[in-house]
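What follows is the residue order along each chain.
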Amino acid sequence: MLNEIRHIWQMFLLAAVQVMVFNHIHLWGYAMPLITPLMLLYLPINEGRITTMLRLFLFGSVIDVLSGTPGQHAASLTLCGMMRQPMLRLTLPKEHLENMIPSVRTMRPWGHFMLLLLTCLVNHTAFFALESMNYFSTLSFLITLLSSIVLSMLIMMAADKLRDRRTDAHE
């Protein structure tokens, strides 16, 4: 029950930071950080696919309502939830625990980086593809996608590092 409350609190905190801070950042007119895939990494690996997809759809819908985006966050996060198990199989160590939450401490650093990268690739590609439906320039799409992935990865790795430090301090 406490874990559930903690997950909901983290979801709302991430939604608030995304809406109030990161939605207003557009470096060089292209790079917009999306930290929403971070929520996917904070869920236990044994959570079912339907539960994960539903949770991420609701989380994305909250952000869409607050951001004024027409379902982009909900759709891209739901796709990430659907792709989560295959991404975990590719990146988790063979001896992973059932209730493990993916982090740098619980995974190999390279595996954690690859999970973060795959999650960003899926989420950002879906998000910016949906955004570019009205206007499409391949070069603009690629620059936006790649610069946003790099910026988002840097922010999410820093957030994950802070989270691990906080966890170490509480132990």
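Structure: see above.
Residues numbered from 1 in each chain as written. Predicted model: local features only at pLDDT ≥ 70, side-chain atom pairs only at ≥ 80, totals over all residues. Heavy atoms only, no water.

Colleague: Looking at this structure, how should I read the overall build of the chain?
Modeller: Looking only at helices and strands, the chain features six helices and zero strands. Put simply, the chain runs from its N terminus to its C terminus through helices and strands in the order α-α-α-α-α-α. Expressed as a percentage of its 171 residues, the buried residues of the chain come to 46%. Contacts spanning at least 24 positions in sequence make up 70% of the contacts within the chain whose residues lie at least 6 apart. Total accessible area computed for the chain in this model is approximately 9400 Å², and 71% of it derives from carbon and sulfur atoms. (Helix = DSSP H or I, 4+ residues; strand = E, 2+ residues; numbered from the N terminus. Buried < 20%, exposed > 50% of the residue type's maximum accessible area, 1.4 Å probe, protein only. Contact = heavy atoms within 4.5 Å. Areas by Shrake-Rupley, 256 points an atom, 1.4 Å probe, with all protein chains shown as cover.)

Colleague: Mind showing me how you'd approach the packing of aromatic side chains here?
Modeller: Think of a pair of aromatic rings as described by two things: how far the centres are apart, and how the planes are tilted against each other in angle. One pass over the full model with this rule turns up two aromatic pairs. With a centroid separation of 5.1 Å and 90 degrees between ring planes, the pair formed by F127 and F128 is classed as edge-to-face. Per residue, the accessibility class of F127 equals that of F128, and both read buried. (Phe/Tyr/Trp six-rings, centres within 6.5 Å; stacked < 30°, edge-to-face > 60°.)

Colleague: Would you explain the side chain of H124 in this entry?
Modeller: Relative to the assigned elements, H124 resides in helix α5 (residues 109-131). Under the relative-accessibility criterion, H124 is labelled buried at 0%. In this structure the side chain of H124 is engaged in a polar contact, spanning 2.9 Å, whose partner is the side chain of S152. For H124, the residues in contact, after removing those within four places along its chain, are L34, P37, A129, L145, S148, I149 and S152. (Polar contact = N/O pair within 3.5 Å; in protein donor to acceptor, adjacent residues only side chain to side chain.)

Colleague: Would you mind going over the nonpolar core with me for this structure?
Modeller: Nonpolar side chains in soluble globular proteins generally cluster together in the buried interior. M39, F59 and F128 are the most contacted members of the largest nonpolar core, which has 34 residues in total. Broken down by element, this core gets its largest block of residues, six residues, from α5. In contact with M39, other than residues within four places in its own chain, are H7, Q10, M11, L14, L56 and F59. (Core = buried A, V, L, I, M, F, W, Y, C linked by side-chain atoms within 4.5 Å.)

Colleague: Can you help me understand the environment of G81 in this one?
Modeller: With respect to the helices and strands, G81 occurs in helix α4 (residues 72-91). If near-sequence neighbours (up to four positions away) are discounted, G81 is found in contact with L40, R49, T52, M53 and L56.

Colleague: What is the right way to read the packing of helix α3 (residues 49-67) against α4 from this model?
Modeller: One way to put it is that α3 packs onto α4 with a least axis distance of 7 Å and a crossing angle of 160 degrees. Put simply, α3 runs roughly antiparallel to α4. The chirality of how α3 crosses α4 is right-handed. On α4, the residues touching R49, T52, M53, L56, F57, F59, G60, S61, I63, D64 and S67 of α3 are Q72, H73, A74, L77, T78, G81, M82, R84, Q85 and P86. In terms of residue class, the contact of α3 with α4 is made up of nine nonpolar, nine polar and three charged. (Axes fitted to C-alpha atoms, helices over the stretch in contact; angles between N-to-C directions. Parallel < 35°, antiparallel > 145°, perpendicular 65-115°, else oblique. Left-handed = near helix turned anticlockwise from the far one by under 90°. Nonpolar A, V, L, I, M, F, W, Y, C, P; charged D, E, K, R; others polar.)

Colleague: Looking at this structure, I do not really get the pattern of salt bridges. What am I missing?
Modeller: Under the definition given, this model contains one salt bridge. Note that R55 is salt-bridged to E47, the shortest N-O span being 2.7 Å. We note that R55, like E47, is buried. (Salt bridge = Lys/Arg side-chain N within 4 Å of Asp/Glu carboxyl O.)

Colleague: Sorry, what's going on with α3 here?
Modeller: Residues spaced three or four apart along an α-helix face the same direction, because each turn holds 3.6 residues. Its 19 residues give α3 an end-to-end C-alpha distance of 26 Å, which sits within 8% of 27 Å, the value for a rise of 1.5 Å per residue. When α3 is considered as a whole, its buried residues turn out to be T52, M53, R55, L56, F59, G60, I63 and D64. After α3 finishes, the residue G68 shows a positive phi value of roughly 75 degrees. (Expected span 1.5 Å × (residues − 1).)

Colleague: Hey, could you run me through the side chain of Q72 in this one?
Modeller: One can find Q72 in helix α4. A polar side-chain atom of Q72 sits 3.4 Å from the main-chain carbonyl oxygen of F127. Q72 has contacts with D64, F127, L130 and E131, leaving out every residue within four places of it along the chain.

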